[in-house]
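Below, each chain spelled out in residue letters.
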Amino acid sequence: MSPLRIVTWNINSVRLRLPLLADLVRDLAPDVICLQETKCPDEFFPHEGLEALGFPYRAAKGMKGYNGVAVLSRVPFQIRSSDPDWCARGDCRHLSVDLDVPGGLELHDFYVPAGGDIPDREANPKFAHKLDFIAEATAWSRQRGPAKRAVLVGDLNIAPLEDDVWSHRQMVKVISHTPVEVEALTGWQQAGGWEDAIRHLVPPPQKVYTWWSYRARDWAAADRGRRLDHVWVSNDLLGRLSGHHIHKPARGWTQASDHVPVLVELAL
């Protein structure tokens, strides 16, 4: 069997950027695509367009205007129905499935809250929500025990390592790279026994970015990126990682998302 190719991408509106999914499929030939920030109620999800791209198996959990996650697959899957309602908000930030591949594979697609602009729990309810969400995910992972035959992907909205941002010194007080966020994300990862697939394949000090701000006049020239999009695998799959790709050209596509697709290959 060829390696299973899984892509995660914060698409920033699935209906607006549906044509870009055709470019992604052409360039990366994924078997599974996990989307975040689909910004689309389930009744308006573009199933026909995605069927035409060769993804007969689809699941979406969406709402109007913001948030939303979806899984598109060339291989059959079953939706896992036991996902928590994170922070009791019903805000469509997590979708999980069991992929029908040899040995089975549990796949989780997450969209963690961004957290606003002020890194202070008391002054910024959005930041408090982000930390509470990660605390709940950590407790959930600890209760479940070490992950097995599992992959967790998504826009986790935190760049944990110094080499995951363009300047650690200038970013350390900026939301997505503050010590309290890094500690929280690391705790979640450890609680579930997850391994950072991208950093296993591309260890520091090499820089890795998956997001470049819309605010930059010339994002490529400035190259002030952050690694906000992640792929975690259970320890038993670490030796199965056979490749990866950060699709930086996607940031230059017409009407691009500010995130780019991240691909990993698993030799199952």
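Here, every reference points to the structure presented above.
Attention in this report is confined to the structure presented alongside it. Throughout this description, residue numbers start from 1 for each chain and increase along the sequence as written. For a predicted model such as this one, the threshold for reporting local features is a pLDDT of at least 70, and the threshold for listing and counting side-chain atom pairs is 80 or more; totals across whole chains, interfaces and linings nevertheless cover every residue. Hydrogens and water are ignored here; the side-chain numbers use all heavy atoms of the structure.

1. What about the environment of proline 3?
- Note on placement: proline 3 falls in the segment before β1 (4-10).
- Any two residues whose heavy atoms approach within 4.5 Å at even a single point are treated as in contact. Not counting residues up to four positions away in its chain, the partners in contact with proline 3 are Asp31, Ser242, Glu265, Leu266 and Ala267. Helix and strand assignments follow DSSP, with helices taken as H or I runs no shorter than four residues and strands as E runs no shorter than two, numbered in order from the N terminus.

2. Topic: the pattern of salt bridges
- Basic side-chain nitrogens of Lys or Arg form a salt bridge, by our definition, when they fall within 4 Å of a carboxyl oxygen of Asp or Glu. For the coordinates displayed, the defined rule picks out 16 salt bridges.
- Put simply, aspartate 132 and arginine 121 hold a salt bridge, and the shortest N to O gap is 3.0 Å. Residue aspartate 132 is located in helix α3 (residues 125-144), and its partner arginine 121 is located in the loop between β7 (105-111) and α3; the two are separated by 11 residues in the primary sequence.
- As a salt-bridge pair, lysine 248 and aspartate 223 come within 3.5 Å of each other at their nearest N and O atoms.

3. So, the nonpolar core
- Counting residues in hydrophobic clusters, the biggest one holds 56 residues, and the most contacted among them are Leu21, Val32, Leu35, Leu99, Leu105, Leu107 and Val151.
- Considering each element in turn, this core owes the most residues, five residues, to helix α1 (residues 18-28).
- Not counting the four nearest positions on each side in its chain, leucine 21 is found in contact with Trp9, Ile11, Val14, Ile33, Leu35, Leu50 and Leu53.
- Here the nonpolar core consists of buried residues drawn from Ala, Val, Leu, Ile, Met, Phe, Trp, Tyr and Cys, with membership extended through side-chain atoms lying within 4.5 Å. Exposure classes here rest on a 1.4 Å probe applied to the protein chains alone. A residue is buried below 20% of its type maximum, exposed above 50%, and partly exposed in between. Listed in part, the 19 residues of the second largest apolar core include Cys87, Phe133, Val182 and Trp232.

4. Re the sheet that holds strand β6 (residues 94-99)
- An order of β5-β6-β7-β8-β12-β9 is seen for the six strands of this open sheet, with the pairing classed as mixed. What marks the edges here is a single partner per strand, and that holds for β5 (77-79) and β9 (194-196). Each neighbouring strand pair of the sheet contributes to a mean axis angle of 25°, computed without reference to strand direction.
- Between any two strands, pairing holds if DSSP finds at least two bridges. Pairing geometry for β9 and strand β12 (residues 229-234), over three bridges, is antiparallel. Residue pairing across strands places tryptophan 194 opposite serine 234, the latter belonging to β12. Convention adopted: a line fitted to C-alpha atoms gives each axis, helices being fitted over their contacting stretch, and angles between N-to-C directions are expressed from 0 to 180 degrees.

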